[in-house]
Amino acid sequence: MWLAAVCLLALGLASCSASSAGGAIQTRGGEPGRPVVVRLFGDSLTWESQAVLEARLGAGFDLRVTTFGGIAPCDLADEIIATAEADEADVLLLQMSGNAVSPCMHPSNRPLSDTERLDKYRADVLSIIEETSSTGIPLVLVGTPPMPPQRNQSPDAVYRELAELSASRDRPVSYLDAGAAVAGPAGAWTATLPCLPFESDRMGCTGGQIAVRAADQVHFCPGSLGESNGTIVACDRWSSGAWRYGAAIAADLRDRYPPG
């Protein structure tokens with residue numbers, strides 16, 4: 001597979017960076033010889049970038065991923081809380097990009113407005129924060145790549161708000177703006193970005209630009225279309241968007257939670 005093979009070759013090259021809120025939090029991963037256990041809960045964007053993230057983190061991290069296309073925080077809230085309470089991770093990551101197709105997002109059996117959808121995300125993520133904070137395990141809310149104007153608004157503003165609120169209450173919650181790695185000027189949605197130094201014509205670099213989003217404008221794989229339930233098929237070519245997104249998450253984790 002292009003994604004797995006080339007990202008391994010590119011480990012030594014510079015990655016896209018991302019900003020985050022909140023200071024460094026000591027984890028048990030600081031113990032000599034012990035990898036940092038990262039539990040990542042995400043949707044199809046996690047599924048697309050998982051191989052890159054694992055390769056960029058390297059042997060100092062134990063990455064354990066639960067991912068399903070189209071899911072929302074309410075789908076995995078119980079599992080996230082149980083993971084924290086069982087002390088099964090050093091760092092928890094939540095990456096969900098605004099999906100509202102699962103039954104738990106429709107308690108009244110009707111479509112939600114954009115405001116209602118984001119309010120549901122806010123309530124569900126806040127509940128996760130309240131339940132996990134007492135364990136002391138850091139929770140990182142991973143930002144979503146910019147969405148095109150005609151799509152539903154992403155929950156990034158909600159994640160930022162909750163991270164800031166948590167910081168004011170000394171809760172171990174932060175926001176990671178990984179979506180900035182695939183954003184255009186002024187943080188807007190873009191179909192292409194300047195090629196990375198190692199991206200060749202064979203990888204899709206044309207005229208100094210390379211595709212970073214799929215044909216559905218949401219996912220990463222060039223030329224692919226996502227399904228109506230938020231899933232996407234395996235990418236059969238180099239996916240620059242997935243590489244940038246996964247590398248941004250990895251860079252932040254390596255910086256804030258270095259292994260012993």
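See the structure shown above.
Notes on the structure follow. What you see is a predicted model, and the numbers here were worked out from it, not measured in a lab.

## A word on the overall build of the protein chain
Piece 1. Along the protein chain, the regular secondary structure elements total six helices and seven strands.
Piece 2. Its helices and strands in sequence order give the protein chain the pattern α-β-α-β-α-β-α-β-α-β-β-β-α, from N to C terminus.
Piece 3. Split into buried and exposed, the 260 residues of the protein chain put 52% on the buried side.
Piece 4. A separation threshold of at least 6 residues defines the contact pool for the protein chain, and within that pool the share at least 24 residues apart is 74%.

## Focus: the pattern of salt bridges
Piece 1. Applying the stated criterion to the full structure yields 12 salt bridges.
Piece 2. Where Arg64 meets Asp62, a salt bridge forms, and the shortest distance between an N and an O atom there is 2.7 Å.
Piece 3. The class for Asp62 is partly exposed, based on a relative accessible area of 25%.
Piece 4. Measuring nitrogen to oxygen at the nearest pair gives 2.8 Å for the salt bridge that ties Arg237 to Asp236.

## Quick notes on the sheet that holds strand 4 (residues 139-142)
Piece 1. With respect to topology, five strands assemble into an open sheet ordered 2-1-3-4-5, the strand pairing being parallel. Each edge of the open sheet is held by one strand with a lone partner, namely strand 2 (61-67) and strand 5 (173-176). Neighbour-to-neighbour, the strand axes of the sheet open up by a mean angle of 20°, direction not taken into account.
Piece 2. Note: strand 1 (residues 36-42) against strand 3 (residues 91-95), five bridges, orientation parallel. Note on strand 3: the bridge partner recorded for Phe41 is Leu94.
Piece 3. Packing of helix 3 (residues 73-85) onto the sheet brings it into contact with strand 1, strand 2 and strand 3, and relative to strand 1 it is tilted by some 170°.
Piece 4. Across the face of the sheet, helix 5 (residues 156-168) comes into contact with strand 3, strand 4 and strand 5 while running at roughly 145° to strand 5.

## Some words on the state of the cysteines
Piece 1. By the definition in use, this model includes three disulfides.
Piece 2. One disulfide in the model links Cys195 with Cys205; its S-S distance is 2.0 Å. Disulfide Cys195 to Cys205: torsion about the S-S bond roughly 105°, handedness right-handed. With a gap of 10 residues between them, Cys195 in the loop between strand 6 (192-194) and strand 7 (209-211) and Cys205 in the loop between strand 6 and strand 7 connect regions that are remote in the sequence. Both residues of the pair, Cys195 and Cys205, count as buried.

## A look at the packing of helix 2 (residues 44-57) against helix 6 (residues 240-256)
To describe two helices that pack against each other, one gives the angle between their axes and the distance between the axes.
Piece 1. It is at 7 Å that the axes of helix 2 and helix 6 come closest, and there the two elements cross at 50°. In terms of orientation, helix 2 and helix 6 fall into the oblique class. Crossing angle aside, the handedness with which helix 2 passes helix 6 is right-handed. Facing helix 2, whose interface residues are Leu45, Glu48, Ser49, Val52, Leu53, Arg56 and Leu57, helix 6 presents Ala242, Trp243, Tyr245, Gly246, Ala247, Ile249, Ala250, Leu253 and Arg254.
Piece 2. Partitioned by chemical class, the residues of the contact of helix 2 with helix 6 number 11 nonpolar, two polar and three charged.

## Comments concerning the nonpolar core
Piece 1. Counting residues in hydrophobic clusters, the biggest one holds 36 residues, and the most contacted among them are Leu93, Val142, Ile249 and Leu253.
Piece 2. Looking at this core, the elements with two or more residues in it are strand 1, helix 2, strand 2, strand 3, strand 4 and helix 6.
Piece 3. Contacts of Leu253, omitting those with residues within four sequence positions, involve Val38, Leu57, Phe61, Val91, Leu93 and Pro258.
Piece 4. Ile71, Ala84, Leu92 and Leu141 belong to the second largest nonpolar core, which has 28 residues in total.

## Thoughts on helix 3
Piece 1. The first and last C-alpha atoms of helix 3 sit 17 Å apart over 13 residues, in line with the 18 Å expected at 1.5 Å per residue.
Piece 2. Buried-residue contacts for helix 3 involve strand 1, strand 2, strand 3 and helix 4 (114-132).
Piece 3. Among the residues trailing helix 3, Asp87 stands out with phi positive, at a value near 60°.

## Things to note about the packing of aromatic side chains
Piece 1. For the coordinates displayed, the defined rule picks out three aromatic pairs.
Piece 2. Members of the aromatic cluster, connected to one another through ring pairs, are Phe198, Trp238 and Trp243.

## Overview of the side chain of Ser166
Piece 1. In this fold, Ser166 is placed in helix 5.
Piece 2. The buried category is assigned to Ser166, whose relative accessible area is 2%.
Piece 3. In this structure the side chain of Ser166 is engaged in a polar contact, spanning 2.8 Å, whose partner is the backbone oxygen of Leu162.
Piece 4. When neighbours within four sequence positions are excluded, Ser166 is seen to be in contact with Ile129, Arg171 and Val173.

Quick notes on the rules
Residues numbered from 1 in each chain as written. Predicted model: local features only at pLDDT ≥ 70, side-chain atom pairs only at ≥ 80, totals over all residues. Heavy atoms only, no water. Helix = DSSP H or I, 4+ residues; strand = E, 2+ residues; numbered from the N terminus. Buried < 20%, exposed > 50% of the residue type's maximum accessible area, 1.4 Å probe, protein only. Contact = heavy atoms within 4.5 Å. Salt bridge = Lys/Arg side-chain N within 4 Å of Asp/Glu carboxyl O. Pairing = 2+ DSSP bridges. Axes fitted to C-alpha atoms, helices over the stretch in contact; angles between N-to-C directions. Disulfide = S-S within 2.5 Å. Parallel < 35°, antiparallel > 145°, perpendicular 65-115°, else oblique. Left-handed = near helix turned anticlockwise from the far one by under 90°. Nonpolar A, V, L, I, M, F, W, Y, C, P; charged D, E, K, R; others polar. Core = buried A, V, L, I, M, F, W, Y, C linked by side-chain atoms within 4.5 Å. Expected span 1.5 Å × (residues − 1). Phe/Tyr/Trp six-rings, centres within 6.5 Å; stacked < 30°, edge-to-face > 60°. Polar contact = N/O pair within 3.5 Å; in protein donor to acceptor, adjacent residues only side chain to side chain.

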